[in-house]
Every structure is written in C-alpha cells, then in structure tokens.
Amino acid sequence: ATGSVVATPAQYDAEYLSPVSIGTPAQTLMLDFDTGSSDLWVFSSETPKSSVQGQTVYNPSKSSTAKKLSGATWKISYGDGSSSSGSVYTDKVTIGGLSVSNVAVESAQKVSREFTAEADLDGLLGLAFSSINTVQPTQQKTFFDMAKPSLDSAVFTADLKYGKAGKYNFGYIDDSAYNGSLTYTAVDSSNGWWMFTSPGYAVGSGTLDSTSITGIADTGTTLLLVPSSVVTTYYKQIRNARYDSSQAGYVFPCSTSLPSFTYAVGNSQIVIPGKYINFAPVDSAGSSCFGGIQSDEGIGFSIFGDVALKAAFVVFDGSQSPRLGFASK
Ligand SMILES: CNCc1nccn1C
C-alpha cells in the first residue's frame, strides 16, 4: 500500500497542514505532520469549548469504529512551550488513500493557549519514533509504525515547499520529485528523533566550513536552529542584521537580500535560498523581519526545521536500520 497527501503551508510557512480522515463515517481534520514527536492528537468533543476557537473536532461517539483505550492517558509539551493532554481512542485513520485500523487517536481534554490560537490546526500527527510516544500506561505506535507492515516500502517522504503546497508520501519514493540523486546519511534514533550529523555548512557562495552540525530533521519546527557560532557567521554577512533581545533572535530590514545557507549531507549539499531565510515581519509596519536561522542555545542539539527541509526532498527510511535521504529539487 501507499499514500500521498498535500501539505499546505500556514501563514509565513510557520507550519504545514494535511487532511487526515478519522473514523467511520470519516471525520476529516487538518493535522500538522511532525517528525519531531510521536503522538497523534486531535481537538475533540472532549476539548473544553472555551479552548476550541475555530478548530474542527473529532467526536469518537460518532464513529462506529472508535474504541476507548480504557485507562490510557497522554500528556505532551513542545519546544515552544505549548502543551496538550487527554484520553485515548483507537480508530481507523486514512491519509491520502492509505487506511490503517486501530491507530491510537489521542483526544485532547486540555490544550495550551497557543493551540487554541491556531484556528487552522486541528491536531498533530507524530512521525518520530514510537519510543517517545507519551501514552501511559501502555505506549502506543505512530501512524507510520502501524502502517509499515502494509507499505510497499518502509518509508515516508517530505516534500515541503516555499509558500506553496508540498506533499507527504507513504510507502514509496517519487523519483520525479527531486533532481539528481538521493544522498543517505545515518540516523541515531536512540532519543526517538531522526537525528543526523551534517558535516559542514557554507554561507552564500563561500567555501564549506567543516564544522559539523548534529540535529534532528523536524517538520514540526518552523526554523533552522543551529549553534550560535554558525548563526553569528551567517548574520555577519548581512550589514543591517542585528540581534534583537526583545524578539530573542536576529532581525534585519525586510528589504534585505539574504545570502543562501548550505548544509552538507554526506558528500552532497543542500542549498537554502536566501529568500527562505526571511521568515516573517516582526512588526505590523513590516519593516523589520525575523531570521529563519536562529540559535539552538539551550536545546542540546540543532533542529533542521521547515526552513531547511523545504529546500530538499527528504526520505525518512524506517527500515530495520533507519536512515535519512536528502536530494535537491
Ligand atoms: C506554535 N505552537 C504550537 C504548535 N503548533 C504546531 C506545533 N506546535 C508545537
């Protein structure tokens, strides 16, 4: 089996949302596919009405295939401080024509204000390793792990794009979606993430600096978060860039033309065009813009978020020895 679903960017490519059908008859929600976490959770009929501001909710009592997972609970918090928690059902989940039965669908009984404020996001679909799924007392598998036995190939791919819809595919690699060849690199999944080491980086047309960057391929994080030494080197190339402590990041005039940022993958390189690194205006006047490359200070590793991933076609290979494949496009 295979599946293919569109990934539509929210404003400023802050996140990408995909339609997911849950239950019988189908209830279709827009979920943020997140390779940095492993819970599939949704706004639901159990979410306090005051916390639901525009989201579509899953109602398990209206699904003939829903079953309560008795005694199960979940609770998760994300790097940006947002969080959610609740109860658990199992139900049929269909993504882009790929149906999987008895998937753990985590029903939100609490969501933090950040999620309430995101009217277009109805939940998250975790695509990291099941070892960091938060359901207790019995940890649950991700959609991908549940689908794996049925997939033609134990892979999914992320083809996110700048300012327009991209795709997530399950079970196959669309060789027409990228240029040249895929370069695979080793993954350390011991902490539950798709963690890899990039052997070097370059700014603009400069030579490759062999400073390695170890981080996670994370579709659920917006920006590229790297060591402060790399951040400093990048913004040093931009005359009017400055660190704005009120924004806790580097900003520059929105009219600035930005140098590209290249990250190495094995013996290959992915070039992030400069325009991908102008994330969004920080003020309503739109004069000052927030950089798409910021520091990973305090995290413990780097994060190759959407700013980095949308410059590539990325294969998340979930075979016996997981690995990541990158190609330019
Ligand atoms: C932006 N804060 C909440 C959120 N939205 C998508 C993912 N996450 C963590």
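Residues numbered from 1 in each chain as written. Predicted model: local features only at pLDDT ≥ 70, side-chain atom pairs only at ≥ 80, totals over all residues. Heavy atoms only, no water.

Some remarks on the confidence of the model for the protein
Phase 1 of the analysis: The predicted model of the protein has a mean per-residue pLDDT of 98, with 100% of residues at 70 or higher.
Phase 2 of the analysis: Reported confidences for the modelled complex are a pTM of 0.99 and an ipTM of 0.91. (pLDDT = per-residue confidence, 0-100.)

Regarding the nonpolar core
Phase 1 of the analysis: If you look at the biggest cluster of nonpolar residues, it comprises 75 residues, and the most contacted ones within it are F170 and F261.
Phase 2 of the analysis: Counting residues in each nonpolar core, the second largest holds 16 residues, with V52, W74, A104 and V135 among its members. (Core = buried A, V, L, I, M, F, W, Y, C linked by side-chain atoms within 4.5 Å. Buried < 20%, exposed > 50% of the residue type's maximum accessible area, 1.4 Å probe, protein only.)

Topic: the sheet that holds strand β21 (residues 288-291)
Phase 1 of the analysis: In space, the four strands of this open sheet follow the order β16-β17-β21-β20, with antiparallel pairing throughout. Taken across any chain shown, the strands that pair with only one partner, and hence form the sheet edges, are β16 (242-244) and β20 (278-281). Between one strand axis and the next, the sheet turns by 45 degrees as a mean value, whatever way the strands run.
Phase 2 of the analysis: Both β16 and strand β17 (residues 249-253) contribute to a ladder of three bridges, which runs antiparallel. Across the sheet, residue R242 finds its bridge partner in β17, namely V251. (Pairing = 2+ DSSP bridges. Helix = DSSP H or I, 4+ residues; strand = E, 2+ residues; numbered from the N terminus. Axes fitted to C-alpha atoms, helices over the stretch in contact; angles between N-to-C directions.)

Things to note about the environment of S150
Phase 1 of the analysis: Its location among the elements puts S150 in the loop between α2 (143-147) and β9 (155-159).
Phase 2 of the analysis: Sequence spacing of S150 and T2 is 148 residues, and the spatial spacing of their C-alpha atoms is 8.3 Å.

Quick word on the site of the ligand
Phase 1 of the analysis: In the vicinity of the ligand, the residues found are E15, D32, Y78, D80, S82, F115, E118 and L121.
Phase 2 of the analysis: Alone, the ligand offers 280 Å² of accessible surface; in the complex the protein occludes 82% of this.
Phase 3 of the analysis: Its residues assigned to classes, the shell around the ligand shows three nonpolar, one polar and four charged. (Near = heavy atom within 4 Å. Areas by Shrake-Rupley, 256 points an atom, 1.4 Å probe, with all protein chains shown as cover. Nonpolar A, V, L, I, M, F, W, Y, C, P; charged D, E, K, R; others polar.)

Observations concerning the side chain of S87
Phase 1 of the analysis: Tracing the chain through its elements places S87 in strand β6 (residues 83-95).
Phase 2 of the analysis: Among the polar contacts listed, one links the side chain of S87 to the side chain of E46, at a separation of 2.5 Å.
Phase 3 of the analysis: For S87, the residues in contact, after removing those within four places along its chain, are E46, K68, A72, W74, V105, E106, S107 and Q109. (Polar contact = N/O pair within 3.5 Å; in protein donor to acceptor, adjacent residues only side chain to side chain. Contact = heavy atoms within 4.5 Å.)

Points about the environment of L124
Phase 1 of the analysis: Tracing the chain through its elements places L124 in strand β8 (residues 123-126).
Phase 2 of the analysis: The exposure class assigned to L124 is buried, which follows from its relative accessible area of 4%.
Phase 3 of the analysis: In this structure the C-alpha to C-alpha distance between L124 and Y162, which are 38 residues apart in sequence, comes to 21 Å.
Phase 4 of the analysis: With residues near it in sequence (within four places) discarded, L124 still touches L31, D32, D34, S37, D39, L40, W41, Y78 and F115.

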